[in-house]
Amino acid sequence: MVNDSIIKALKTKSKSLNLSSRKITHLPEVFARLTWIVVLKLNNNSLSSLPSELMCLQKLTELNLGNNALEEIPPVLKHLSCLNKLYLYGNKIIHLPPEVLEGLPNLELLNLNHNRIKVIPAEIKRLCSLKSISVTDNLLQQIPAELGLMKCLTEINFTNNKLTQIPQQLYSLPQLRKLYLARNNLTELPEGALGWKNLKILDVAGNRLSVFPVGFQFLTLEELFFEGNRLVPFTLMESVQEKEVLSLKELSARLILQQSTNELSVVSRALPAYPELQDMLSHWGQCALCSQPFLTTWLECVQFINTRKHMGMKSSQSVPVRVLLCSYDCFNRDDHQYYGLVRL
Ligand SMILES: [Zn+2]
């Protein structure tokens, strides 16, 4: 039956061949003669490998290998450099071989849902045209920082994995529009959220988040899913302010940071001679009230943001967003609605 379909495709020179759900366990060699094929659907079969002859299909742009029995990404795929869409969902893949990723410079869509992948290698960055990556229902424990180098990415879906954190580099994806991170073990989102200039959909439901990062309310989100987290509730409690004594290191750092904003200052002119110091100072933060800089000591507060009123979303929900203050002097001012955070 499979051979009949291939012979028909050979006769008609059809550019698309659909062999899904045919109980195929291996591909016959005659496949190599389908050199003009552009779309090949082999999903819902029992393939555990692909023959090297497949490399003859140099015009192939879309390949669906979903719901088969592959335990690895077939090495022959690295020769299919025209591939634009690759579906490998529902297999038994554990490992992503870096050499295959390096051979797919035109890939725009990669679907690896429902596999057993624990690690995405740093070589993922070789997929320089990738717009959409989906690795739902796998065993991912971390995301490589290199993902932040893939500037074409518009959609990332890592729903239902074992992620405990995401790299800050994910904020350097200005084109990113949809990010799905539901049902992982995230305890926080790193600071720097303002990098998501075009993010429209964020799904972080079913994690362990307590607050959203600084500046989160300035994102232009259209949809936000966050149910099933451990967000800080709005419960007022009495607390005692401890006497605040800043370390000499912190005091010096604040002074240097203040001085460094003045281009004419001695500090500003001297800093380039001390790259290590510059690196250390680059992790500074800014007080939400007085705008003064701080380096290692701050007061963590929250403000409760209404998603409709403050973010322009259709749904009206209250979310806690982190706010950092430089001191109790600022905290004790009466011109703000920031609340000290009590971790019980
Ligand atoms: Zn302040």
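What counts as what
Residues numbered from 1 in each chain as written. Predicted model: local features only at pLDDT ≥ 70, side-chain atom pairs only at ≥ 80, totals over all residues. Heavy atoms only, no water. Donors = N, O, S within 2.8 Å, 3.2 Å for Na, K, Ca; no water. Tetrahedral: all angles 85-135°; square planar, octahedral: opposite > 155°, others 65-115°. Buried < 20%, exposed > 50% of the residue type's maximum accessible area, 1.4 Å probe, protein only. Helix = DSSP H or I, 4+ residues; strand = E, 2+ residues; numbered from the N terminus. Domains from an automatic or database assignment. Pairing = 2+ DSSP bridges. Axes fitted to C-alpha atoms, helices over the stretch in contact; angles between N-to-C directions. Polar contact = N/O pair within 3.5 Å; in protein donor to acceptor, adjacent residues only side chain to side chain. Phe/Tyr/Trp six-rings, centres within 6.5 Å; stacked < 30°, edge-to-face > 60°.

> Which parts of the structure should I look at to understand the coordination of the zinc ion?
Under perfect tetrahedral coordination by four donors, a metal shows angles of 109.5 degrees; under perfect octahedral coordination by six donors, it shows angles of 90 or 180 degrees. Protein coordination at the zinc ion comes from Cys287 (SG), Cys290 (SG), Cys326 (SG) and Cys330 (SG), with a distance range of 2.3 Å. Relative to the metal, the four donor atoms surrounding the zinc ion lie at angles of 104 to 115°, and the coordination shape comes out tetrahedral. Residue cysteine 330 is classed as buried on the basis of its relative accessible area of 6%.

> I would appreciate a short explanation of the environment of glutamate 99 in the present structure.
When you line up the elements, glutamate 99 lands in helix H2 (residues 98–102). Look at glutamate 99 and you get partly exposed, because its relative accessible area is 43%. For the pair glutamate 99 and arginine 126, spaced 27 residues apart in sequence, the C-alpha to C-alpha distance is 9.6 Å.

> What is the right way to look at the domain arrangement of the chain in this model?
We note that the domain assignment places domain 1 (2–225) and domain 2 (248–294) within the chain. Look at where the C-alpha atoms of domain 1 and domain 2 centre, and you get two points 43 Å apart.

> Can you walk me through the sheet that holds strand E7 (residues 155–157) in this structure?
Backbone-to-backbone hydrogen bonds pair the strands of a sheet. The strands run either parallel or antiparallel. The strand order E1-E2-E3-E4-E5-E6-E7-E8-E9-E10 describes an open sheet built from ten strands, whose pairing is parallel. Edge positions in the open sheet fall to strand E1 (16–18) and strand E10 (223–225), since each of these has one partner strand only. Averaged over all neighbouring strand pairs, the angle between strand axes comes to 5°, with direction disregarded. Bridge count between strand E6 (residues 132–134) and E7: three bridges; the pairing is parallel. When the bridges of E7 are listed, serine 132 appears paired with glutamate 155.

> Would you mind going over unusual backbone geometry with me for this structure?
Excluding glycine, residues mostly carry a negative phi; peptide bonds, for their part, are mostly trans. Even without a glycine there, the phi angle at asparagine 44 is positive, about 60°. One can find asparagine 44 in the loop between strand E2 (39–41) and strand E3 (62–64). Residues other than glycine seldom take positive phi values, yet serine 291 does so here, at roughly 65°. Residue serine 291 is classed as partly exposed on the basis of its relative accessible area of 41%.

> Would you mind going over the side chain of asparagine 91 with me for this structure?
Mapped onto the elements of the fold, asparagine 91 is located in the loop between strand E4 (85–87) and H2. Polar contacts involving the side chain of asparagine 91 include one to the main-chain amide nitrogen of asparagine 68, which spans 3.2 Å.

> What exactly am I supposed to notice about the packing of aromatic side chains here?
Aromatic ring pairs: the centre-centre distance and the angle between the two ring planes describe each pair. In the structure shown here, the tally under the stated rule is seven aromatic pairs. Look at phenylalanine 212 and phenylalanine 216: their rings are 4.4 Å apart centre to centre, the planes differ by 25°, and that puts the pair in the stacked class. Assigned by exposure class, phenylalanine 212 and phenylalanine 216 land together as buried. Where phenylalanine 294 meets tryptophan 298, the ring centres are 5.7 Å apart and the plane angle is 35°; that geometry is what we call tilted. For tryptophan 298, a relative accessible area of 43% puts it in the partly exposed group.

> Would you take a moment to explain the pairing of strand E13 (residues 299–306) for this structure?
Strand residues, when the strand is regular, have side chains that alternate between the two faces of the sheet. The sheet contact formed by E13 and strand E14 (residues 318–325) spans eight bridges and is antiparallel. From the neighbouring strand, isoleucine 305 faces E14, where its bridge partner is valine 319. Note that E13 and strand E15 (residues 339–340) share two bridges and pair antiparallel. Directly across from valine 302, in E15, lies its bridge partner tyrosine 339.

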